[in-house]
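Listed below, chain by chain, are the residues.
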Amino acid sequence: KAGVTQTPRYLIKTRGQQVTLSCSPISGHRSVSWYQQTPGQGLQFLFEYFSETQRNKGNFPGRFSGRQFSNSRSEMNVSTLELGDSALYLCASSLAMATGNTIYFGEGSWLTVV
Amino acid sequence: AQKITQTQPGMFVQEKEAVTLDCTYDTSDQSYGLFWYKQPSSGEMIFLIYQGSYDEQNATEGRYSLNFQKARKSANLVISASQLGDSAMYFCAMREMSGGANSKLTFGKGITLSVRP
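Let me sum up the structure you'll find in this document. Treat the numbers as computed from the prediction; the structure is a model and nothing was measured. Per-chain numbering applies: the sequence of each chain, read as written, is numbered from 1 onward. Chain labels run from A onward and ligand labels from 1 onward, assigned in the order the entries are written. Restriction of local features to residues with pLDDT of at least 70 applies here, the model being predicted, together with a cutoff of 80 or more for giving and counting side-chain atom pairs; totals for whole chains, interfaces and linings are based on all residues. Only hydrogens and water are set aside when side-chain values are computed; all heavy atoms of the structure are taken into account.

Now for the pairing of strand S4 (residues 31–38) of chain A. Residues and elements named next belong to chain A. Taking burial as the measure, the eight residues of S4 include eight buried ones, the bulk of the element. Side chains Ser31, Ser33, Tyr35 and Gln37 project from S4 onto one buried face, and the interleaved Val32, Trp34, Gln36 and Thr38 project onto a second face that is buried too. Pairing between strands is defined by DSSP: at least two bridges between the two strands are required. Only DSSP runs of H or I with at least four residues qualify as helices, and only runs of E with at least two residues qualify as strands; both kinds are numbered from the N terminus onward. Relative to strand S5 (residues 42–50), S4 runs antiparallel, the two being bridged by eight bridges. By the bridge assignment for S5, Ser31 is matched with Phe50. Hairpin connection between S4 and S5: a loop of three residues separates the two successive antiparallel strands. Pairing of S4 with strand S9 (residues 87–94), which is carried by seven bridges, proceeds in the antiparallel orientation. For Gln37, the partnering residue across the bridge sits in S9 and is Leu88. When accessible area is computed with a 1.4 Å probe and restricted to protein chains, residues below 20% of their type maximum are described as buried, those above 50% as exposed, and intermediate ones as partly exposed.

Dropping the structure here:
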């Protein structure tokens with residue numbers, strides 16, 4: 001079955017612009033979470049959604065937002081881009097938010113802010 | 001204190017040999033899960049193996065096994081019969097359940113593994 005799909009894979013934006021990244025979870029998975037990966041900070045949790053509701057949020061400014069649709073697909077948005085937002089953004093999906101559920105990741109979206 | 005500690009900055013292993021990647025964790029939760037992921041240069045995070053805190057046996061998945069020592073709070077990944085394609089970054093991660101159901105992972109800084117022919 002298809003894995004976690006993220007689009008776009010690569011994008012370049014200008015400082016001050018906004019960007020929307022999309023994530024389609026594995027079929028049947030209802031939990032979607034987002035991570036930012038940078039060389040300096042490593043992998044940091046952004047937020048997670050389950051049944052269209054944000055369940056947890058990491059320590060990021062309000063410029064970072066997300067949402068989940070009824071088909072479990074999720075989008076994250078970053079407004080007023082800064083150079084420091086350049087990163088690999090990874091989406092992960094899980095069947096549910098339970099201990100034994102494996103968490104699978106997509107290929108990521110590489111964002112460069114210039 | 002760091003929740004996930006991976007202190008080996010880079011590891012080298014000869015093809016067909018076994019290698020152990022270290023991971024120690026810190027949590028006061030009774031219920032938690034430990035994951036290992038492989039990340040090649042393409043960026044994709046590939047799931048390798050999972051160990052639940054209540055699992056009595058060490059997890060195994062093909063050439064991957066997890067040496068889980070709960071009292072020492074360590075969850076080392078063992079890769080047997082290394083292949084050239086195993087060259088990648090490896091991350092240990094933990095999900096804690098004390099705050100309720102969630103899918104939030106805390107990651108270590110990762111270990112670079114290079115397999116020599």
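The two faces of a sheet get side chains in turn, since along a regular strand they alternate between them. Residue and element names in this part refer to chain B. By the criterion of burial, strand S5 (residues 32–39) is predominantly enclosed, with eight of the eight residues buried. Here S5 shows a buried face lined by Tyr32, Leu34, Trp36 and Lys38 and a second buried face lined by Gly33, Phe35, Tyr37 and Gln39. As paired strands, S5 and strand S10 (residues 88–96) are joined by eight bridges and run antiparallel to one another. Directly across from Leu34, in S10, lies its bridge partner Met94. Here six bridges tie S5 to strand S6 (residues 46–52), and the two strands are oriented antiparallel to one another. Note on S6: the bridge partner recorded for Leu34 is Gln51. Connecting S5 to the next strand, S6, in antiparallel fashion are six residues, including Gly43 with a positive phi near 105°.

When two cysteine sulfur atoms lie within 2.5 Å, the pair is treated as a disulfide. Scanning all chains against the criterion turns up two disulfides over all chains. The disulfide partner of Cys23 of chain A is Cys91 of chain A, and the gap between their sulfur atoms is 1.8 Å. Its S-S torsion of about -65° marks the bond between Cys23 of chain A and Cys91 of chain A as left-handed, since a negative value means left-handed. Taken together, the residues span a long stretch of sequence, with Cys23 of chain A in strand S3 (residues 19–24) and Cys91 of chain A in strand S9 at a distance of 68 residues. Cys91 of chain A carries the same exposure label as Cys23 of chain A, and that label is buried. One disulfide in the model links Cys23 of chain B with Cys92 of chain B; its S-S distance is 2.0 Å. Looking down the S-S bond of the Cys23 of chain B and Cys92 of chain B bridge, the torsion is -65°, so its handedness is left-handed. Taken together, the positions of Cys23 of chain B in the loop between strand S3 (19–21) and strand S4 (24–25) and Cys92 of chain B in strand S10 put the pair 69 residues apart, joining distant regions of the chain. Grouping residues by exposure puts Cys23 of chain B and Cys92 of chain B together as buried.

Much of the literature gives interface size as the accessible area that the parts lose upon coming together. Note on contacts: a residue pair is in contact if any heavy atoms of the two residues lie within 4.5 Å. Chain A puts 25 residues into the contact, and the matching count from chain B is 22 residues. When chain A packs against chain B, the two sides together hide about 1,900 Å² of surface, and 57% of this comes from carbon and sulfur. By definition, a salt bridge exists where a carboxyl oxygen of Asp or Glu is found within 4 Å of a side-chain nitrogen of Lys or Arg. Run the count over chain A and chain B and you get zero salt bridges. Each polar contact in these results corresponds to two N or O atoms within 3.5 Å; when the atoms are within protein, one needs to be able to donate a hydrogen and the other to accept it, and residues that are neighboring in sequence are counted only if both atoms are side-chain atoms. Taken together, chain A and chain B are joined by five residue pairs in polar contact (both at pLDDT 80 or more). The term buried area refers to how much accessible surface (probe radius 1.4 Å) is lost by two components on association, counted for both of them together.

Moving on to the side chain of Gln51 of chain B. All names here are of chain B. Position of Gln51 among the secondary structure elements: in strand S6. For Gln51, a relative accessible area of 0% puts it in the buried group. A polar contact is formed between the side chain of Gln51 and the backbone oxygen of Gln57, at a distance of 3.0 Å. A polar side-chain atom of Gln51 sits 2.8 Å from the main-chain amide nitrogen of Ala59. Discounting residues that sit within four places of it in the chain, Gln51 has contacts with Tyr32, Gly33, Leu34, Gln57, Asn58, Ala59, Leu66 and Phe68.

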